[in-house]
Amino acid sequence: MSVIHEEKLLIENVRRGDKHSYEVLFHKYFSELSLLSYRIVRNKVVAEEIVQDFFVKCWIKREDLWISTSFKAYSYRSVYNLSLNFIRDNKKFTSLENVGAAFVDESEMGDDYSSDNTRLQAAIESLPPQCRRIFTLICVEGLSYAEIA
């Protein structure tokens, strides 16, 4: 049985309320998702809390859990976004380098992600230094225009 087929069965069982299938997914992905989050937030406890929150949300919304890609791709994207949200909300993010290095295997995320991410990084790098700095302050560190001025 393929991994994706196995995951689809597990997800279907989770949607029906099967705790064992949920635990299988949790134990299978918790460590790698925690590592992904840690590479962004640089705090082990926070990273593990982010991953736990992701899995809690999956369980709470299990009946509405429709995943068109693999669970791995879905969970990586979700944890990645939750980690970035944490950084944004806590205004501790100081470098774009960690964002690009966060994914262990971008091929799991699909070609669209890789090409979009590459184009975004190239566009940011092509900005003049002062514009790049302002972009970073606004979009990454979450400062307002008034705070930057």
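None of the values given here were measured: they were computed from a predicted structure.

A. The overall build of the protein, seen in detail. Looking only at helices and strands, one finds 8 helices and 0 strands in the protein. Put simply, the protein runs from its N terminus to its C terminus through helices and strands in the order α-α-α-α-α-α-α-α. Taken over 149 residues, the protein has a buried fraction of 34%. Counted over contacts in the protein with a minimum sequence separation of 6, partners at least 24 positions apart contribute 59%.

B. Molecular detail of the nonpolar core. In this structure, L25, L33, V41, F54, F55, F71 and V79 are the most contacted members of the largest nonpolar core, which totals 26 residues. Going through the elements one at a time, α1 (3-15), α2 (19-41), α3 (44-60) and α4 (71-90) are the ones with two or more residues in this core. Apart from residues no more than four positions distant in its own chain, F71 is found in contact with E7, I11, L25, Y29, F54 and F55.

C. Local environment of the environment of F86. Its location among the elements puts F86 in helix α4. A relative accessible area of 24% means that F86 is categorised as partly exposed. Residues F86 and V41, 45 residues apart in the sequence, show an inter-C-alpha distance of 7.6 Å. Discounting residues that sit within four places of it in the chain, F86 has contacts with V41, V46 and I50.

D. Representation of the packing of aromatic side chains. For the structure shown, the criterion picks out 10 aromatic pairs. Where F54 meets Y74, the ring centres are 6.1 Å apart and the plane angle is 50°; that geometry is what we call tilted. In this pair, F54 is assigned in helix α3 and Y74 in helix α4, connecting sequence segments 20 residues apart. You can call Y74 partly exposed: its relative accessible area is 29%. Between F55 and F71 the ring centres are 6.3 Å apart and the planes differ by 40°, which places this aromatic pair in the tilted class.

Reading the values: rules and limits
Residues numbered from 1 in each chain as written. Predicted model: local features only at pLDDT ≥ 70, side-chain atom pairs only at ≥ 80, totals over all residues. Heavy atoms only, no water. Helix = DSSP H or I, 4+ residues; strand = E, 2+ residues; numbered from the N terminus. Buried < 20%, exposed > 50% of the residue type's maximum accessible area, 1.4 Å probe, protein only. Contact = heavy atoms within 4.5 Å. Core = buried A, V, L, I, M, F, W, Y, C linked by side-chain atoms within 4.5 Å. Phe/Tyr/Trp six-rings, centres within 6.5 Å; stacked < 30°, edge-to-face > 60°.

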